[in-house]
Amino acid sequence: MSQKIEGNAPSAIRTTGPIGGKVAASGAERSRPVEASAGGDSLRLTGEATGLQALQRELSSASAMDTARVQQVRDALQAGTYRINAEAIADGMLSLERQLGQ
């Protein structure tokens, strides 16, 4: 199967040329970093993105576990008084399943 491509290249395709219109001479010193031309690009975060950043900072500073609760469970296990609530576990699993299904 063969295809014929006609027409001009789309405007989104750009050629790669020298930065700022300058070309280094053959054998020229190249130890300096290449300087990019000053661009007009900018970035502005939406309110939602700013809120997500604040949440991320808050979560990264919080402890991943409740040490007081861990100690309570540890003490109950050692004392033999820890009771497993199967209904609460099942409810939590079903709740998670509902959330993932949305």
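Calculation criteria
- Residues numbered from 1 in each chain as written.
- Predicted model: local features only at pLDDT ≥ 70, side-chain atom pairs only at ≥ 80, totals over all residues.
- Heavy atoms only, no water.
- Helix = DSSP H or I, 4+ residues; strand = E, 2+ residues; numbered from the N terminus.
- Areas by Shrake-Rupley, 256 points an atom, 1.4 Å probe, with all protein chains shown as cover.
- Expected span 1.5 Å × (residues − 1).
- Patch = residues over 30% accessible without salt bridge, like charges linked within 9 Å, V, L, I, M, F, W, Y side chains within 5 Å.
- Salt bridge = Lys/Arg side-chain N within 4 Å of Asp/Glu carboxyl O.

Quick notes on the overall build of the chain
Then step 1. Counting secondary structure elements, the chain contains three helices and zero strands.
Then step 2. Mapped in sequence order, the helices and strands of the chain form the string α-α-α.
Then step 3. Here the chain has roughly 10,500 Å² of accessible surface; of this, 53% comes from carbon and sulfur atoms.

Structural notes on helix H2 (residues 67-79)
Then step 1. For H2, with 13 residues, the first-to-last C-alpha span of 18 Å sits near the 18 Å given by 1.5 Å per residue.
Then step 2. Following H2 by one or two positions, Gly-80 adopts a phi angle in the positive range, close to 80°.

What to know about a nonpolar patch on the surface
Then step 1. On the surface, Leu-77, Tyr-82, Ile-84, Ile-89 and Met-93 cluster together into a nonpolar patch covering about 550 Å² of accessible area.
Then step 2. Of note, Tyr-82 is situated in the loop between H2 and helix H3 (86-101).

These results come straight from atomic positions and should not be treated as a statement about function.
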